[in-house]
Amino acid sequence: MTITIKFFALGRELVGKSELQKSYDESVTVGKVLEDLRAEYPRLAQMPSMLLAVNMEYSGEDTVLKDGDELAIIPPVSGG
Amino acid sequence: MTITIKFFALGRELVGKSELQKSYDESVTVGKVLEDLRAEYPRLAQMPSMLLAVNMEYSGEDTVLKDGDELAIIPPVSGG
Amino acid sequence: MIEITPDPIDVQKVMDAAFSPDCGGVVVFIGTVRNFSRGKDILRLEYDAYPEMAIKMLERIVDEIKGKWDIRKVAISHRTGVLKIGEIAVVIALSAPHRKDAFAACQYCIDRLKEIVPIWKKEVAIDGETWIDDHA
Amino acid sequence: MIEITPDPIDVQKVMDAAFSPDCGGVVVFIGTVRNFSRGKDILRLEYDAYPEMAIKMLERIVDEIKGKWDIRKVAISHRTGVLKIGEIAVVIALSAPHRKDAFAACQYCIDRLKEIVPIWKKEVAIDGETWIDDHA
């Protein structure tokens, strides 16, 4: 199964890209993907806090991902 | 001494004019002028309520008028 | 900027007059002629005003606002004469460093305008005309 | 009407989209880029967004508003990309039969937008760039 991960704002700058794919042999949680991302992109630790969204809904780290899901790393929002 | 009296909206329609002058030999109060106006223009009684302004300030009937003062009959306002 | 005008109101001009570069925003109230009032279909409104006193009272409201909230700029334009359904009767725009103040002050401004500013509207419906008394 | 757009916002278009002939008015919030923030002179802002989710969250806010107040129409436009001082970043316009509801709902809308809508601004000052965290 393949997950698309999206980065925005500070997250995109720290990771150096706006989108990437990750493949897993078995089902994973949001927390596991995040752990892998932090290992791969240690600069993500510079983000003071973040929220997570799965398929454009805010989600917790326990959420189990399905093939084709879109996981977004959401830095603190500051629109308006 | 001469007083200018101004009418607006319903007041203007009831009196049939937007402005008139009245002369007095001695000082008068707003209340006295109003009494004279009601006698002269009985249709003013059709106005459910009114406020009074002297020289563009809301005033009570006790206010004493000076030569050249402008008295306005202010029907209930409904701007906006 | 405070005006009583017989001409159509230029909303952009009023907003521009309230803009302040040290504020994060402008709150605007735009009052329009509605098509229905007190159970009647309205054809048009006719606004009368005592313009000199109306301006004086609007200036007083601006003073009141500035005493209550931290407000930078206030712009008010009120139209007079005959207005059709949907036309703009009044525009109030104001800017404040904190948007909460701007919302509170803008609402206060239109509430007070309807209380003390000598402007009157007559509703013209199919079956007759009525000078409105909002306070009755 | 809800949009996330890289183009300058047409305020009149947003207001027109919120107009409802059975309401007495429209309340509008116009958010602009201020010249000064957190003790720094700002040169420009850069807005990033997750547009599809931003629209979904704005639609959710509109649902929340309609659950809380009697509101007829809501129109929201948020700009992305590079904005100079004084340029318009967001316009929220809404109409309600009672203006009190329109003021409360408009304020709620901008407050919630700043809480949950995935849009980010970077302040570019003379001495560097910062992604803003309003909640820090």
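Counting starts from 1 at the beginning of each chain's written sequence and moves along it residue by residue. Each chain is given a letter, starting from A, and each ligand a number, starting from 1, according to the order in which they appear as written. Reporting of local features is limited, given that this is a predicted model, to residues whose pLDDT is at least 70; pairs of side-chain atoms are given and counted only at 80 or more, and all residues count toward the totals for whole chains, interfaces and linings. Hydrogens and water molecules were not included; the side-chain quantities draw on all heavy atoms of the structure.

## Let's talk about the arrangement of the chains
Link 1 in the chain: Most contacts, when the three pairs of chains in contact are compared, are made between chains C and D.
Link 2 in the chain: Where chain A comes nearest to chain B, the C-alpha atoms are still 29 Å apart, and the two do not contact one another.
Link 3 in the chain: What makes two residues a contact is simply this: any of their non-hydrogen atoms within 4.5 Å. At the C-alpha level, the nearest point of chain A lies 9 Å from chain C, with no contact between them.

## Some details on unusual backbone geometry
A negative phi angle characterises most non-glycine residues, just as the trans form characterises most peptide bonds.
Link 1 in the chain: In this structure, A:Asn55 is a non-glycine residue whose phi angle is positive, near 50 degrees.
Link 2 in the chain: Only protein chains enter the area calculation, which uses a 1.4 Å probe; residues under 20% of their type maximum are buried, those over 50% are exposed, and those in between are partly exposed. Given a relative accessible area of 33%, A:Asn55 falls into the partly exposed group.

## Here's the deal with the pattern of salt bridges
Link 1 in the chain: Salt bridges are counted wherever a side-chain nitrogen of Lys or Arg sits within 4 Å of a carboxyl oxygen of Asp or Glu. One pass over the full model with this rule turns up 34 salt bridges over all chains.
Link 2 in the chain: Measuring nitrogen to oxygen at the nearest pair gives 2.8 Å for the salt bridge that ties C:Lys122 to B:Glu13. Taken together, the residues C:Lys122 in strand β8 (residues 119-125) and B:Glu13 in helix α1 (residues 9-15) connect one chain to another.
Link 3 in the chain: Linked by salt bridges that have partners in common, A:Glu13, D:Arg44, D:Glu46, D:Lys122 and D:Glu129 make up one network. Secondary structure elements are defined from DSSP: runs of H or I of at least 4 residues count as helices, runs of E of at least 2 residues count as strands, and each element is numbered from the N terminus.

## Notes on the relation of the copies chain D and chain C
Link 1 in the chain: The copies were overlaid with a least-squares fit restricted to C-alpha atoms from residues scoring a pLDDT of at least 70 in each copy. Of the transformation placing chain D onto chain C, the axial shift is 0.0 Å and the rotation is 180 degrees, giving an RMSD of 0.0 Å. Read as a symmetry element, the transformation amounts to a two-fold axis. Minimal C-alpha distance to the rotation axis in chain D is attained by D:Val28, lying at 2.5 Å.

## Examining the sheet that holds strand β7 (residues 88-95) of chain D
Link 1 in the chain: In space, the eight strands of this open sheet follow the order β1(C)-β5(C)-β7(C)-β2(C)-β2(D)-β7(D)-β5(D)-β1(D), with mixed pairing throughout. Two strands close off the open sheet at either side, each with one partner strand: β1 (2-5) of chain C together with β1 (2-5) of chain D. Mean inter-strand twist for the sheet, computed between neighbouring axes without regard to direction, equals 10 degrees.
Link 2 in the chain: On the sheet, helix α2 (residues 51-68) of chain D packs against β1, β5 (73-79) and β7 of chain D and is oriented at approximately 150 degrees with respect to β1(D). Any two strands with at least two DSSP-identified bridges between them are counted as paired. Lines are fitted to the C-alpha atoms to define the axes, a helix being fitted only along its stretch in contact, and any angle between axes, read from their N-to-C directions, falls within 0 to 180 degrees.

## A closer look at the interface of chain D and chain A
Link 1 in the chain: Listed per partner, the contact involves 28 residues of chain D and 21 residues of chain A.
Link 2 in the chain: By buried area we mean how much accessible surface two parts lose on assembly, using a 1.4 Å probe and totalling the loss over both. Carbon and sulfur atoms supply 55% of the area buried between chain D and chain A, which totals about 2000 Å² over both sides.
Link 3 in the chain: Looking only at chain D, the three residues that lose the most surface to chain A are D:Tyr50, D:Trp120 and D:Trp131, adding up to 34% of its buried area.
Link 4 in the chain: Our enumeration of links across chain D and chain A arrives at four salt bridges.
Link 5 in the chain: Across the pair A:Glu57 and D:Arg60 runs a salt bridge whose closest N-O atoms are separated by 2.4 Å.
Link 6 in the chain: In protein, a polar contact requires one atom able to donate a hydrogen and another able to accept it; more generally it is a pair of N or O atoms within 3.5 Å, and residues adjacent in sequence count only if both atoms are side-chain atoms. At the boundary of chain D and chain A, one finds 17 residue pairs in polar contact (both at pLDDT 80 or more).

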